[in-house]
Amino acid sequence: MPSAKILKEKEALVAAIAEDLKASLTVVFVDYRGITVEQDTELRTELRKAGVEYKVTKNSLTEKAIEQLGIEGVADYLKGPTAIAYCKDEYTKGPKVLADFAKKLDNLSIKGGIMDGAAIDVAAVEKLAKIPSKEVLIGQVAGSLQCIITKLAIGLDEVRKQKESA
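Calculation criteria
Residues numbered from 1 in each chain as written. Predicted model: local features only at pLDDT ≥ 70, side-chain atom pairs only at ≥ 80, totals over all residues. Heavy atoms only, no water. Core = buried A, V, L, I, M, F, W, Y, C linked by side-chain atoms within 4.5 Å. Buried < 20%, exposed > 50% of the residue type's maximum accessible area, 1.4 Å probe, protein only. Helix = DSSP H or I, 4+ residues; strand = E, 2+ residues; numbered from the N terminus. Contact = heavy atoms within 4.5 Å. pLDDT = per-residue confidence, 0-100. Phe/Tyr/Trp six-rings, centres within 6.5 Å; stacked < 30°, edge-to-face > 60°. Lys NZ or Arg CZ within 6 Å of the ring centre and 35° of its normal. Salt bridge = Lys/Arg side-chain N within 4 Å of Asp/Glu carboxyl O. Pairing = 2+ DSSP bridges. Patch = residues over 30% accessible without salt bridge, like charges linked within 9 Å, V, L, I, M, F, W, Y side chains within 5 Å. Areas by Shrake-Rupley, 256 points an atom, 1.4 Å probe, with all protein chains shown as cover.

A short note on the nonpolar core
Counting residues in each nonpolar core, the largest one holds 22 residues, and the members touching the most others are Val28, Leu43, Leu47, Leu98 and Leu108. Looking at this core, the elements that each hand over two or more residues are strand S1 (26-31), helix H2 (37-49), strand S2 (52-56), strand S3 (83-87), helix H4 (93-104) and helix H5 (122-130). The element that contributes the greatest number of residues to this core is H4, accounting for four residues. If sequence neighbours within four positions are ignored, Leu43 has contacts with Tyr54, Val97, Leu98, Phe101 and Leu108. Of all hydrophobic cores here, the second largest spans 16 residues; its members include Ala18, Val27, Ala65 and Tyr77.

Shown next as structure tokens:
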């Protein structure tokens, strides 16, 4: 039986994991078995640039945190070596970086994830990765609005020319 000190430490770790899970819009579970230190460093650097936290914790502690939050369907993602990416400010950043690296590295694979407190499978994570960033989406909406306004201006100008010629 572990000592009271060790139990308190583990409880604190579980609470920290649960807090990270609660604060995240998306969480992605990754199997990192077989990647080199250089590849791992490159991955961590890219995730850090994207504002994504990337951690390796004991699966048993992560399972306890997930149980505390009442999230179901995640147990299969926590088998074998598992790294966790916590995306707290945008839904797509973590999945996008991890999907890109999974394509480059044969040994890195996405297991699944959590979005808005519910388990999602690999296909859902990959769909998230394909969604353009917030800035690109805003640009697309602005471009569409500009196109509509331009067509309206051209149409009104044509009506003006018709009335002047009549």
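Things to note about the confidence of the model for the protein
Counting all residues, the mean pLDDT for the protein is 89, and 99% of those residues have values of 70 or more. Looking across the protein, the model is least confident in helix H6 (residues 134-165), with a mean pLDDT of 86, and most confident in S1, with 94.

Considering the packing of aromatic side chains
Tallied over the entire structure, the rule returns one aromatic pair. The ring of Phe101 carries Lys104 above its face, with NZ or CZ at 4.2 Å from the centroid.

Some remarks on the pattern of salt bridges
Applying the stated criterion across every chain, the model contains 14 salt bridges. Notably, a salt bridge pairs Arg44 with Asp40, separated by 2.9 Å at the nearest N-O pair. Of this pair, Arg44 and Asp40 both sit in helix H2, four residues apart, which is roughly one turn of the helix. Put simply, Lys88 and Glu53 hold a salt bridge, and the shortest N to O gap is 2.8 Å. Remark: Glu53 occurs in strand S2 and Lys88 occurs in the loop between S3 and H4; sequence separation between them is 35 residues. Take Glu53: its relative accessible area is 30%, and that puts it in the partly exposed class. Among the ionic contacts, a cluster of salt bridges with common partners joins Asp157, Glu158, Arg160, Lys161 and Glu164.

Some details on the pairing of S3
Of all five residues in S3, five are buried; the element is thus mostly enclosed. The alternating pattern of S3 places Ala83, Ala85 and Cys87 and Ile84 and Tyr86 on opposite faces, both of which are buried. Pairing of S2 with S3, which is carried by five bridges, proceeds in the antiparallel orientation. By the bridge assignment, Lys55 is partnered in S3 with Ile84.

Notes on a nonpolar patch on the surface
On the surface, a nonpolar cluster with roughly 400 Å² of combined accessible area is contributed by Val141, Leu145, Ile148 and Ile149. Of note, Ile148 is situated in helix H6. For Ile148, a relative accessible area of 54% corresponds to the exposed category.

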